[in-house]
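One-letter residues, chain by chain:
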There are 2 protein chains.
Amino acid sequence: MSDEITLPAPADFHVHVRQGKMCELVTPQVAKGGVKTAYVMPNLVPPLTSTDSVVAYKAELERIDPSVEWLMTLYLHPEVTPDEIRKAAKAGIKGVKSYPRGVTTNSNSGIEDYGVYYPVFKAMEEEGLVLNLHGEVPSDAEKNISVLNAEVHFLRHLETLAHDFPKLRIVLEHATTSAAITTVSSLPSNVACSITAHHLFLTIDEVAPQPHHFCKPIAKEPKDRKALQDAVKSGNPKFFLGSDSAPHPLSSKSPSITQTQTEDGSPSTSVSACAAGVYTSPILIPLVATLLESFGALDKLQGFVSDHGRTFYGIPAKEGQQLKLRKTKDDEGLVRGTFKGDGVEVLPFWAGKKLAWQIVE
Amino acid sequence: MSDEITLPAPADFHVHVRQGKMCELVTPQVAKGGVKTAYVMPNLVPPLTSTDSVVAYKAELERIDPSVEWLMTLYLHPEVTPDEIRKAAKAGIKGVKSYPRGVTTNSNSGIEDYGVYYPVFKAMEEEGLVLNLHGEVPSDAEKNISVLNAEVHFLRHLETLAHDFPKLRIVLEHATTSAAITTVSSLPSNVACSITAHHLFLTIDEVAPQPHHFCKPIAKEPKDRKALQDAVKSGNPKFFLGSDSAPHPLSSKSPSITQTQTEDGSPSTSVSACAAGVYTSPILIPLVATLLESFGALDKLQGFVSDHGRTFYGIPAKEGQQLKLRKTKDDEGLVRGTFKGDGVEVLPFWAGKKLAWQIVE
């Protein structure tokens, strides 16, 4: 294998660039990670449920980094009507993201029942918008549904939607289970699946003790990771990169303990949980190259990061946007520590570890 | 049901009271949690592999709190010979704890292969010492063994030991799976099982985002928690309280990021994982009462915390050591925040939450 790889413009078909000061900090890192086209998630506060809000957000991202092609999405919500879909299509919005209520960061405005959205999906099918699914059902102890099998329980919904809307392009986002890979593989070509970099590396063993590895869906068993790796290795064009890069302030990735006194002098304590998300944008394409090489799939890198997703979405790579990667030498490729912005600090995935590939500037 | 319960002296058949300043801080909390007899784990640094070191540790605990009956254990290790077992029995040591290597806190000196210890187990059988098993095998991605199924994979070792040493009393410690409950229930009366308070409450959903809920074995699925609750509810004397109360300094329950410069000026980053352990000692018996009441097993409280373990170990409750609990009123039962000692701070489980029962002083 050569020490250099040249890729047609890589695309990340699932990325969170947030808002406010965090947006200012992380948006420029998308290009630094080797990505030329970024498909942007709409789960802001409040969520982006109107074409106008999405268009305004896109202008903000273009102001911060005009070098990246920003592809925009709406947040599936009762405010998103068939008329709004037609308006969105005219404005160049590419897709609609569905979050099951309460399952992931900022998903409290998410959905629980797809039936009510069938007219919306019909309009999306007609207008050529893509449906992006966060494929987890809410936990339910009575039914033994937890973060471990929430994705597996979702798959019947994916099958139903694929059956009911055969011309709607549907993406199961950030698959984490062997069952998801099997189901997506069995469905027609209108159904595809994004895979993150971190789920090609982590298992539950590395998540349980480390909040910086905690995300939704949670990384599962070794056999599941193997199934994701095998999906990439197969070269099946249904599977492509969507990083789900999801920065959180450092403070929200540690349990925070607040101890105060109430008015009557009695003590009050609250202990916060850690936010869900792994931040990979700044190192994304070198990381994916490093991981694919580790499990013998480096020859599938171009398909996974440049070709498959673009073909599915119909977003061709632009000329002159190739990315060149080179093998790192001994003293190269060490992933840096935190990124600091105006009052906000985030830790990238793999901080302190060594990448086997780097971007040639 | 009455608003008061009087229990024969409760016992905790699995507790970590650590060493040094942490030991000074947490040891007095054992009695505060309503426990009169405590079965103490030997995983200090270095581990307690000799009778002499155990006897010295017991003297230390008696110095700090002479009101508690401290039952002591050896750490299974090549230094623990059949002769050492006979010496330990004479010194009043009650059992030997086995840790699979690398599975839990301070278990680097643990064991991997039971075959080499058969002469030791034979001596334990003869001398009446109990074998306490941390029932997990090490993770192994090739075999799809992770923290999720490490206990299930251990159960065949438990069955083999129970078969090979029919007169050795064996305790599967801190069971977390439905499979463990089924296996222990099927084995003869020389095999018993301790259950923690926190595993009667947590599932993986509450562990993933919260390092203060992370312990080994990790809490599993809702169906597993249900199996533990049902085991308590059954009143089967094989199942009794062993809290696995395991304090860690606050600083080791958050991911710690160290960013330095190496000698040549290049940056170096390391990100530490969180320590495994849930600290329940200070609220133990009121917490267990609260939990058992929540799933309709309050009538089994005395068996679970006072009778079953004592019968199995042959440690009768002393006269005059009853514990009286009373229902909390509106402004009572709030679990306090951190405990601070000399340079060490620990957070109890359920901090900020309300207990339904309290100890009558």
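The rules we used
- Residues numbered from 1 in each chain as written.
- Chains lettered and ligands numbered in written order.
- Predicted model: local features only at pLDDT ≥ 70, side-chain atom pairs only at ≥ 80, totals over all residues.
- Heavy atoms only, no water.
- Axes fitted to C-alpha atoms, helices over the stretch in contact; angles between N-to-C directions.
- Helix = DSSP H or I, 4+ residues; strand = E, 2+ residues; numbered from the N terminus.
- Parallel < 35°, antiparallel > 145°, perpendicular 65-115°, else oblique.
- Left-handed = near helix turned anticlockwise from the far one by under 90°.
- Contact = heavy atoms within 4.5 Å.
- Salt bridge = Lys/Arg side-chain N within 4 Å of Asp/Glu carboxyl O.
- Nonpolar A, V, L, I, M, F, W, Y, C, P; charged D, E, K, R; others polar.
- Phe/Tyr/Trp six-rings, centres within 6.5 Å; stacked < 30°, edge-to-face > 60°.
- Buried < 20%, exposed > 50% of the residue type's maximum accessible area, 1.4 Å probe, protein only.
- Expected span 1.5 Å × (residues − 1).
- Arc of directions from axis to C-beta.
- Pairing = 2+ DSSP bridges.
- Least-squares fit on C-alpha atoms with pLDDT ≥ 70 in both.
- 1 Å grid on protein atoms, 1.4 Å probe; cavity = no way out; pocket = protein on both sides within 12 Å on 5 of 7 lines; lining within 4 Å.
- Points joined across faces, edges and corners; volume = space filled by probe spheres on them.
- Disulfide = S-S within 2.5 Å.
- Lys, Arg positive; Asp, Glu negative; His and termini not counted.
- Polar contact = N/O pair within 3.5 Å; in protein donor to acceptor, adjacent residues only side chain to side chain.

(A) The packing of helix α3 (residues 82-90) of chain B against helix α4 (residues 118-127) of chain B, seen in detail. Residues and elements named next belong to chain B. Their axes nearest at 8 Å, the elements α3 and α4 cross at an angle of 25°. Accordingly, the angle class assigned to the pair α3 and α4 is roughly parallel. Considering how the two elements wind past one another, α3 and α4 form a crossing that is right-handed. Here Pro82, Ile85, Arg86 and Ala89 of α3 come into contact with α4, specifically with Pro119, Val120, Ala123, Met124, Glu126 and Glu127.

(B) Quick peek at the interface of chain A and chain B. Contact with chain A, which involves 41 residues of that partner, is made by 41 residues of chain B. Counting across the chain A and chain B interface gives 0 salt bridges. If you list the elements that add at least two residues to the side of chain A that touches chain B, you get α7 (204-207), α8 (222-234), β11 (257-261) and β12 (267-271) of chain A. When its residues are assigned to classes, the side of chain A that touches chain B shows 21 nonpolar, 13 polar and 7 charged.

(C) Molecular detail of the packing of aromatic side chains. Residues and elements named next belong to chain B. Per the counting criterion, the structure on display carries 34 aromatic pairs over all chains. Ring centres 6.2 Å apart and planes at 80° place the aromatic pair Phe201 and Phe349 in the edge-to-face group. A residue pair is termed long-range when its members are at least 10 positions apart, and Phe201 in the loop between β9 (191-195) and α7 (204-207) and Phe349 in the loop between β15 (345-346) and β16 (357-359) qualify at 148 residues. Look at Phe201 and you get partly exposed, because its relative accessible area is 25%.

(D) Representation of helix α2 (residues 51-64) of chain B within the structure. Residues and elements named next belong to chain B. In this model α2 runs 20 Å from its N-terminal to its C-terminal C-alpha over 14 residues, within 8% of the 20 Å that 1.5 Å per residue would give. Three or more residues of α2 are buried, namely Thr51, Val54, Tyr57, Leu61 and Ile64. Mapping the buried residues of α2 onto a view down its axis gives an arc of 140°, with all of them on the same face. More than 90 degrees from the buried face of α2, the exposed residues found are Asp52 and Arg63. Those residues of α2 that are buried are in contact with α1 (20-32), β3 (37-40), β4 (69-71), β5 (73-75) and α3.

(E) Local environment of the sheet that holds strand β7 (residues 130-134) of chain A. Residue and element names in this part refer to chain A. With respect to topology, 6 strands assemble into an open sheet ordered β5-β6-β7-β8-β9-β10, the strand pairing being parallel. Looking at which strands have only one partner, the edges of the open sheet turn out to be β5 (73-75) and β10 (239-241). Direction aside, the axes of adjacent strands within the sheet are offset by 30° on average. In this sheet, strand β9 (residues 191-195) lies alongside strand β8 (residues 170-173) in parallel orientation, the contact comprising 3 bridges. Paired with Ile170 across the bridge in β9 is Val191. Where helix α5 (residues 150-164) meets the sheet, its contacts fall on β7, β8 and β9, and the angle it forms with β8 comes to roughly 170°.

(F) Representation of the pairing of β11(A) in the model. Residue and element names in this part refer to chain A. The pairing of β11 with β12 spans 5 bridges and is classified as antiparallel. Residue Gln259 lies in a different strand from β12, and its bridge partner there is Thr269. Taken together, β11 and the strand that follows it, β12, pair antiparallel across an intervening segment of 5 residues, in which Gly265 is found at a positive phi of about 90°.

(G) Just helix α10 (residues 301-313) of chain B, in detail. All names here are of chain B. Helix length check: α10, at 13 residues, gives a terminal C-alpha distance of 18 Å against a target of 18 Å (1.5 Å per residue), a fit within 8%. The buried fraction of α10 amounts to 10 of the 13 residues, a majority that puts the element mostly inside the structure. Looking at α10, one finds that the buried residues are Leu301, Gly303, Phe304, Val305, Ser306, His308, Gly309, Arg310, Phe312 and Tyr313.

(H) Structural detail: the relation of the copies chain A and chain B. Mapping chain A onto chain B is achieved by rotating through 180° and translating by 0.0 Å along the same axis, at an RMSD of 0.0 Å. Read as a symmetry element, the transformation amounts to a two-fold axis. Comparing interface residues between copies, 100% of those in chain A also sit at the interface in chain B, which points to an isologous, same-surface contact.

(I) How the structure looks around the packing of α5(A) against helix α6 (residues 178-186) of chain A. Residue and element names in this part refer to chain A. With their axes 9 Å apart at the nearest point, α5 and α6 run at an angle of 15° to one another. Judged on the interaxial angle alone, α6 and α5 are roughly parallel. Where α5 crosses over α6, the handedness of that crossing is right-handed. The residues of α6 that touch α5, namely those facing Glu151, Val152, Leu155, Leu158 and Glu159, are Ala179, Ala180, Thr183 and Val184. Partitioned by chemical class, the residues of the contact of α5 with α6 number 6 nonpolar, 1 polar and 2 charged.

(J) Structural view of the layout of surface pockets. By volume, the largest pocket amounts to about 580 Å³. Lining the largest pocket are 25 residues, and of these Gly333(A), Leu334(A), Val335(A), Arg336(A) and Leu355(A) sit closest to its centre. Within the residue set of the lining of the largest pocket, elements represented by two or more residues are α1 (20-32) and β16 (357-359) of chain A together with β12 (267-271) of chain B. When grouped by side-chain class, the residues that make up the lining of the largest pocket number 11 nonpolar, 6 polar and 8 charged.

(K) The arrangement of the sheet that holds strand β1 (residues 4-7) of chain B in detail. Residues and elements named next belong to chain B. On the basis of which strands lie adjacent, the open sheet formed by 3 strands has the order β1-β13-β16 and antiparallel pairing. Looking along the sheet, the strands with just one partner apiece sit at the ends: β1 and β16. Averaged over neighbouring strand pairs, the angle between their axes works out to 30° when direction is ignored. Contacting β1 and β13 (323-327), α10 runs over the sheet at an angle of about 25° to β1.

(L) Expanded view of the environment of Ile5(B). All names here are of chain B. Among the structural elements, Ile5 can be located in strand β1. The sequence separation of Ile5 and Ser266 amounts to 261 residues, and the corresponding C-alpha distance is 64 Å. Discounting chain neighbours no more than four positions away, the residues touching Ile5 are Leu298, Leu301, Leu323, Lys324, Leu325 and Trp357.

(M) Focus on the state of the cysteines. The tally for this structure, following the rule as stated, stands at 0 disulfides over all chains. No disulfide involves Cys215(B); its sulfur sits 13 Å from that of Cys274(B), the nearest cysteine. On the basis of relative accessible area, Cys215(B) is assigned to the buried category, the value being 1%. The thiol sulfur of Cys274(B) is not disulfide-bonded, and the nearest other cysteine sulfur, from Cys274(A), lies at 7.2 Å. A residue is classified by how much of its surface remains accessible, and Cys274(B), at 6% relative accessible area, is buried.

(N) Seen up close, the side chain of Lys253(A). Residues and elements named next belong to chain A. By secondary structure assignment, the location of Lys253 is in the loop between β10 and β11. For the buried Lys253, which has no salt bridge, the nearest side chain bearing the opposite charge is Asp244, at an N-O separation of 10 Å. A polar side-chain atom of Lys253 sits 2.7 Å from the main-chain carbonyl oxygen of Gly277.

In short, shape yes, function no, at least from these values alone.
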